[in-house]
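Structural overview for review
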Amino acid sequence: MKTSSDYILLVDDEIANLRILESCLEDHGYRVSSAKNADEAIKAVSKMNYSLILLDIGMPGMDGFELCSQLKSDPETRDIPIIFITGHKDSQSVAKGLNLGASDYIGKPINEIELLARVKTHIRLKDFQDNLGYLVKQKTNELQKEIIQRKKTEKDLEKSNLKLQKLIQDTLKLLASVVEIRDPFTAGHQQNVTKLATLIAQELDLEENVSDAIRVASTIHDIGKIRVPIEILSKSCKLLDIEMDIIKAHPVTGYELIKNIDFPWPIAEIVLQHHERLNGSGYPKGLKSDEILYEAKVLGVADVIEAITYHRPYRAGLGINNAIEEIKNNKGILYDPEIVEAALKIIDRVDFKF
Ligand SMILES: [Fe+2]
């Protein structure tokens, strides 16, 4: 459909009236089409997007009111402003025309100056309305594009995050396996400890952030053992004091190895403290109760249970009952009582196994 910002449709069954209006408007630069009845008018608006319709009321067949009503009910034509031009200048007709959606009303005989002023005003208003609609549509499109782009970016970011998390987990597993390749006698120790520590965290209903830290730290808690010579790790007789000291350095070595990794949790500190005990008898710093991170206390209990239960190069596995005895006897002395209780509940479960 063609559009024009100054194209006016005249609708009047009186040819003489049409000529007067045509001449007046064309003299002032408007382009004009004429229709002698409603049918011609409907055809005309289907071909051209007029800026304004000047409409007579009294016409044979469909009158001006009906035509106005039809044009205003059609989404294609409802925005074209209509000015009624008629001899019926009584207030009822004015009210009816305006109620039907007409923009204005001019009585006959026509005052040329008044006609031109109103035509100009309504065409300007229509232009403004069209531009406003266009601007809103343009801005809405821009906004929609931005939202789609943002959603795509969010999805991409989510994917990258998942990839990054997987990469971190794979890297941690790789790190953990390096320790166990060198120390086959404790193979599986870190996975077992991770499993039990995670169950204890669940039993204690710890915050997700804390249990995530426990899980990640458990996976690599003995990473520092990669600096302990294999001969010491695999020695089957009692260790010398100097050898024991070398082994006891593994929390510090582990801390040094991972302290610069930007984990969202204090993993290096948890690794450093996993052999600290409540009464200060642990190592490397001999920290006491509240000086020890809660995550390290959970890891410490899971670690000792696993270590006692299973075989070590220098001794056979002592079994789960000895592990239970150790944590029960030292509940509140070496190990946090609440964590011990949680661990005992888990071990007690029929289906529990490392
Ligand atoms: Fe350890």
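Structure shown above.
These numbers were taken from a predicted model, which means no experiment stands behind them. For every chain, the first residue of its written sequence is number 1, and the numbers climb from 1 along that sequence. Restriction of local features to residues with pLDDT of at least 70 applies here, the model being predicted, together with a cutoff of 80 or more for giving and counting side-chain atom pairs; totals for whole chains, interfaces and linings are based on all residues. Side-chain figures throughout are based on the complete set of non-hydrogen atoms in the structure, without hydrogens or water.

**Details of the layout of surface pockets**
When its volume is computed, the second largest pocket comes out at roughly 220 Å³. Lining residues are defined by having an atom within 4 Å of a point belonging to a cavity or pocket. Those points lie on a 1 Å grid over the protein atoms alone, cavities being sets where a 1.4 Å probe fits but cannot get out and pockets being open sets with protein on both sides within 12 Å along at least five of seven lines. As for the second largest pocket, its lining consists of N161, L164, Q165, I168, Q169, L172, D212, R215, V216, P264 and W265. Runs of E in the DSSP output that reach at least two residues are strands. Runs of H or I that reach at least four are helices, and both are numbered from the N terminus. Looking at the lining of the second largest pocket, the elements with two or more residues in it are α5 (112–182) and α7 (208–219). It is α5 that contributes the most residues to the lining of the second largest pocket, 6 residues altogether. All residues other than Ala, Val, Leu, Ile, Met, Phe, Trp, Tyr, Cys, Pro, Asp, Glu, Lys and Arg, Gly among them, are scored as polar; the first ten of these are nonpolar and the last four charged. Taken together, the residues of the lining of the second largest pocket sort by class into 6 nonpolar, 3 polar and 2 charged. Grid points are joined across faces, edges and corners, and a volume is the space filled by probe spheres set on the points.

**Considering the environment of L98**
With respect to the helices and strands, the residue L98 is situated in helix α4 (residues 91–99). Note: C-alpha distance between L98 and D79 (19 residues apart in sequence) is 14 Å. In what follows, a contact means two residues having at least one pair of non-hydrogen atoms within 4.5 Å. Excluding anything up to four places from it in sequence, L98 contacts S103 and D104.

**A short note on helix α6 (residues 189–203)**
Helix span, expected: 1.5 Å multiplied by one less than the number of residues in the helix. Compared with an ideal rise of 1.5 Å per residue, which puts 15 residues at 21 Å, α6 spans 21 Å between its outermost C-alpha atoms and is within 8% of the ideal. Every buried residue of α6 is listed here: H189, Q190, N192, V193, T194, L196, A197, I200 and A201. Elements in contact with the buried residues of α6: α5, α7, α12 (294–309) and α14 (337–348). One or two steps after α6, the chain reaches D205, where phi turns positive at roughly 55°. For each residue, the accessible area found with a 1.4 Å probe, counting protein chains only, is set against the maximum for its type, and the residue is called buried under 20%, exposed over 50%, and partly exposed in between.

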